[in-house]
There are 2 protein chains.
Amino acid sequence: MRKQVEIRQKILKTNEEFAQANRDFFRREKLLCLNMISSPGSGKTTILAKTIKRLRETVRIGVIEGDVQTDFDAEKIRAMGAPAVQIETRGACHLNARQISQALDELPTDKLDVVFIENVGNLVCPSAFELGENGKVAVLSVAEGDDKPAKYPALFAKARAMLINKTDLLGPAGADFDIDRAEADARKVNKSIRAFPMSAKTGDGLEAWCNWLTEQVRATREP
Amino acid sequence: MRKQVEIRQKILKTNEEFAQANRDFFRREKLLCLNMISSPGSGKTTILAKTIKRLRETVRIGVIEGDVQTDFDAEKIRAMGAPAVQIETRGACHLNARQISQALDELPTDKLDVVFIENVGNLVCPSAFELGENGKVAVLSVAEGDDKPAKYPALFAKARAMLINKTDLLGPAGADFDIDRAEADARKVNKSIRAFPMSAKTGDGLEAWCNWLTEQVRATREP
């Protein structure tokens, strides 16, 4: 058991070295980098596609897509006219900082204001691996249940914002989800987390999120 | 990198020893054990609660609940009158066979026909850890999107059955999910997988799943 703990610490140490290099790069370039973490199917890719479309004229967005297998997601982002790099982890359950470092070489970062990292769909492992990002964004869909912040506190403790997606599925005949409960549970572990209920499908709630994002870009450009 | 691979193989070898002991135990006791794997919030606990209620008179069900944190789920199962043991993994992203071995000591296995293991909500890591179960059951909700079998093939390749839950959310104003596509993608990696669309909430589709489960129990009792 001690051996496993040692190895885990070593893996995290190597990861932290690459994360620090990425962090330095983002600071030097005044580039905002947000690491999006969620369960599979919460709607991260659709949120990004709609955000890109909405902010096309004002914020230049690039995306690093992480998936266990397939490159569907990068295709969807490119279809919106934004540069995207796909990382296939081939079974691994999270992205690491070395992969991000390599992917950054393939993005036209000097022509971007923000790099989104769409992590592998997994609410547990990705939150343990710092990628050098400026902040984490937790995404959950109302179909997943409002108990997720209580059940998976590690992510919500670290996230700058939480997006509560698929609000179009709420309602008497739809999903049961108490937005206040989810927010309150997230605040128990993270007082400053910002919550954005939204439906990427209908566009409802996207404006508040896009305004916040634009503000984050501005604060990164002119610190 | 080679070092990491070696350690991983060692962890899996230790896990396999416990898994084999569990496997022997289930065979000796003619006890069916199904390992349920899904993303967070697909509805595993509700499916189990409804299954327990429906089969109360004919199939004796016990549950081992795995969660990163909290014991909400075991409480829900006990409320249905079935014995449940909670394993809190404290951050770990999957259950291992040693934990199952210990949990089995706390269940009245001589009075059970089937033990369900509700794994940690995670579509990636749990499928790499055999627990000694007789079969895996993959669960996904229609809100997660029909691309999940293509994106996370490791689980679907190994599962005996896939439950497609929350069909009540389907429809023109609801979730977009092509059940045929999800099934076809799963069959590409696993010809014999059985698919059960259902809504644990409304009860729709539960009968076919319960009939299949009853059949599996019978086949385990009288091999």
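For the structure given in this document, a descriptive report is provided here.

Procedures and definitions
- Residues numbered from 1 in each chain as written.
- Chains lettered and ligands numbered in written order.
- Predicted model: local features only at pLDDT ≥ 70, side-chain atom pairs only at ≥ 80, totals over all residues.
- Heavy atoms only, no water.
- 1 Å grid on protein atoms, 1.4 Å probe; cavity = no way out; pocket = protein on both sides within 12 Å on 5 of 7 lines; lining within 4 Å.
- Points joined across faces, edges and corners; volume = space filled by probe spheres on them.
- Nonpolar A, V, L, I, M, F, W, Y, C, P; charged D, E, K, R; others polar.
- Core = buried A, V, L, I, M, F, W, Y, C linked by side-chain atoms within 4.5 Å.
- Buried < 20%, exposed > 50% of the residue type's maximum accessible area, 1.4 Å probe, protein only.
- Contact = heavy atoms within 4.5 Å.
- Least-squares fit on C-alpha atoms with pLDDT ≥ 70 in both.
- Helix = DSSP H or I, 4+ residues; strand = E, 2+ residues; numbered from the N terminus.
- Pairing = 2+ DSSP bridges.
- Axes fitted to C-alpha atoms, helices over the stretch in contact; angles between N-to-C directions.
- Buried area = accessible area lost by both parts, 1.4 Å probe.
- Salt bridge = Lys/Arg side-chain N within 4 Å of Asp/Glu carboxyl O.
- Polar contact = N/O pair within 3.5 Å; in protein donor to acceptor, adjacent residues only side chain to side chain.

**So, empty space enclosed by the protein**
Within this structure, the stated rule accounts for one cavity of 30 Å³ or more. Space inside the largest cavity adds up to approximately 40 Å³. Taken together, Pro40(A), Gly41(A), Ser42(A), Ser141(A), Ala143(A), Glu144(A), Pro40(B), Gly41(B), Ser42(B), Ser141(B), Ala143(B) and Glu144(B) make up the lining of the largest cavity. Residue composition of the lining of the largest cavity, grouped by class: four nonpolar, six polar and two charged.

**Some thoughts on the nonpolar core**
With 82 residues, the main nonpolar core has Ile64(A), Met162(A), Ile64(B) and Met162(B) as its most contacted residues. Setting aside residues up to four positions removed in sequence, Ile64(B) forms contacts with Val85(B), Ile87(B), Ile100(B), Ala103(B), Leu104(B), Leu107(B), Val115(B), Phe116(B), Ile117(B) and Glu118(B).

**Remarks on the relation of the copies chain A and chain B**
Rotating chain A by 180 degrees about the axis while translating it 0.0 Å along that axis superimposes it on chain B, leaving an RMSD of 0.0 Å. In the structure described here, the two chain copies are related by an operation that fits a two-fold rotation axis. Both copies share a contact surface, since 100% of the interface residues of chain A are interface residues in chain B too.

**Comments concerning unusual backbone geometry**
Located in the positive-phi region is Lys30(A), a residue other than glycine, with phi close to 50 degrees. Along the chain, Lys30(A) turns up in the loop between helix H1 (2-29) and strand S1 (32-38).

**Some details on the sheet that holds strand S3 (residues 84-88) of chain A**
All names here are of chain A. Pairing in this open sheet of seven strands is parallel, and the strands run S3-S2-S4-S1-S5-S6-S7 from one edge to the other. Single-partner strands in this sheet number two, and they are S3 and strand S7 (194-197). If you compare each strand with its neighbour and ignore which way they point, the axes differ by 20 degrees on average. As defined by bridge partners, S1 adjoins strand S4 (residues 114-118) across five bridges and the pair is classed as parallel. Its bridge partner lying in S4, Leu34 is registered against Phe116. The sheet contacts of helix H4 (residues 97-106) involve strand S2 (61-67), S3 and S4, and relative to S3 the element is tilted by about 150 degrees. Sheet strands touched by helix H8 (residues 206-221): S1, S4, strand S5 (135-141), strand S6 (159-165) and S7. Its angle to S1, the strand with the most contacts, is close to 140 degrees.

**Describing the interface of chain A and chain B**
Contacts between the two partners involve 40 residues from chain A and, on the opposite side, 40 residues from chain B. Roughly 2,900 Å² is buried in total at the junction of chain A and chain B, and carbon and sulfur atoms are behind 59% of that figure. Across the chain A-chain B interface, the total number found is six salt bridges. Asp67(B) serves as the salt-bridge partner of Lys151(A), at 3.5 Å between the closest nitrogen and oxygen. Linking chain A with chain B are nine residue pairs in polar contact (both at pLDDT 80 or more). Elements supplying a minimum of two residues to the side of chain A that touches chain B: H1, helix H3 (72-78) and helix H5 (148-151) of chain A. Looking at side-chain class alone, the side of chain A that touches chain B contains 18 nonpolar, nine polar and 13 charged residues.

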